[in-house]
Number of protein chains: 2
Amino acid sequence: MKIGIIGSGNVGGTLGSRWAQAGHQIVFSSRSPDSDAMKALIGEAGPNARAATARDAAAASDVILVATPWPSTREALTGLGDLSGKILIDATNPLLPDLSGLAVGTTTSAGEQVAQWAPGAKVVKAFNTVGSNIMANASFGDHPVVLFYCGDDAGAKQTVHELARELGFDPHDAGPLTQARLLEPFALLWISLALVQGYGREIAFQFLRR
Amino acid sequence: MKIGIIGSGNVGGTLGSRWAQAGHQIVFSSRSPDSDAMKALIGEAGPNARAATARDAAAASDVILVATPWPSTREALTGLGDLSGKILIDATNPLLPDLSGLAVGTTTSAGEQVAQWAPGAKVVKAFNTVGSNIMANASFGDHPVVLFYCGDDAGAKQTVHELARELGFDPHDAGPLTQARLLEPFALLWISLALVQGYGREIAFQFLRR
């Protein structure tokens, strides 16, 4: 699969590298495509990865992962060109800078705003609920780590399901894109436990059924 | 411990019965204290349980569990009399009737509103994130079920921690009461997966650390 990464920081860099190593064709983009950090990322990701502008990364890909800081997300998306029919994975969280809450929520969500800013794209909210360290290594012994996603296009969700499964997650469909209103606070729960409440980043959730 | 139950429906009834069976003194209250349903609940809970008015249940108890439907919560609390120094466990969720979202959120929470309506009480948000079927039986084989709580009084949280542990949960402190802004959407995630997305009610989460 051809996957464009918009925002190649901790989350975008980790996911892109692992997908490249799994055999997908990855185009990383950032505001500094010639930086040393980008060269290091390409080196780590291996021969299936290259760097480009965000617009070129989007144009070259069937699947676009958006992993930008929330304040720069709108500008990043509106610069991508025509997204009609593309699968867009929204991994953003609209965090307030002090992690005290969400900048968007309850009656809307970052996922829904992303969909408005990416007309025609098949938006799936995913990869926003755990830290990049868990994306790098989802193994907790015998315990599969749940990864929820939501969106309004069944085929796009199936693609995201497979991409999560390839990284060792236990992916589950949380419903339509409006469920991002729940997955974004769920992400902030992880973030605040990890970074504020003293649990540290090596935490995750298993989804139990009986 | 003397525990008053405000709102003796599925959640309040289940928790009160199990705590009564564990040896605590339980006073159930509802708007119909002489109903057949209340008599059946007292019969199930056994000799450690009795029924009273909400005001009497609160006055007789050190710990008060609030498990009312959200629209009747304010009236229920303001009728309880002096709550100074009481531990108040808020198990409510401000659900919209069609489960499409929360009536309160992002910049406040039901937990914080409950604290405003219960001046002097030590409010702990807890027992709102799983269904009453999980409270009745938290066993998923070898997998402990996480139960998050949050509040601003360390002693009150320790009491709630023990009450959850006695029911077989793996209790964890999610931080101050403002974290109810995250635990309430987490509850709606459980509810929507169980009731809307087709997973059914026999679901829960294990908190993993490594």
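Residues numbered from 1 in each chain as written. Chains lettered and ligands numbered in written order. Predicted model: local features only at pLDDT ≥ 70, side-chain atom pairs only at ≥ 80, totals over all residues. Heavy atoms only, no water.

Novice: Help me understand the packing of helix α1 (residues 10–21) of chain A against helix α2 (residues 36–45) of chain A in this model?
Specialist: In helix packing, the relevant descriptors are the interaxial angle and the interaxial distance, both defined with respect to the helix axes. Residue and element names in this part refer to chain A. Where α1 meets α2, the closest approach of the two axes is 8 Å, and the angle between their N-to-C directions is 30 degrees. With respect to α2, the element α1 is oriented roughly parallel. Touching G13, S17, A20 and Q21 of α1 are L41, E44 and A45, all from α2. Classifying every residue of the contact of α1 with α2 by side-chain character gives 3 nonpolar, 3 polar and 1 charged. (Axes fitted to C-alpha atoms, helices over the stretch in contact; angles between N-to-C directions. Helix = DSSP H or I, 4+ residues; strand = E, 2+ residues; numbered from the N terminus. Parallel < 35°, antiparallel > 145°, perpendicular 65-115°, else oblique. Contact = heavy atoms within 4.5 Å. Nonpolar A, V, L, I, M, F, W, Y, C, P; charged D, E, K, R; others polar.)

Novice: Help me understand the packing of aromatic side chains in this model?
Specialist: Two numbers describe a pair of aromatic rings. These are the distance of the centres and the angle of the planes. A full pass over the atoms with the stated rule returns 20 aromatic pairs over all chains. Summarising the aromatic geometry, the rings of F148 of chain A and F205 of chain B are spaced 6.0 Å apart at their centres and angled 75 degrees between planes, so their arrangement reads as edge-to-face. With F148 of chain A in strand β7 (residues 145–151) and F205 of chain B in strand β9 (residues 203–209), the pair connects residues from two separate chains. For the pair formed by F148 of chain A and F205 of chain B, the shared burial category is buried. These aromatic residues form a ring-pair network of at least three members: F148, F186, Y199, F205 and F207 of chain A together with F148, F186, Y199, F205 and F207 of chain B. (Phe/Tyr/Trp six-rings, centres within 6.5 Å; stacked < 30°, edge-to-face > 60°. Buried < 20%, exposed > 50% of the residue type's maximum accessible area, 1.4 Å probe, protein only.)

Novice: What is the right way to look at the confidence of the model for chain A in this model?
Specialist: Caution is warranted with low-pLDDT regions, since their predicted coordinates should not be read in detail. Taken over all residues, the pLDDT of chain A has a mean of 94, while the share at 70 or more is 100%. Two summary scores accompany this predicted model of the complex, namely pTM at 0.91 and ipTM at 0.90. (pLDDT = per-residue confidence, 0-100.)

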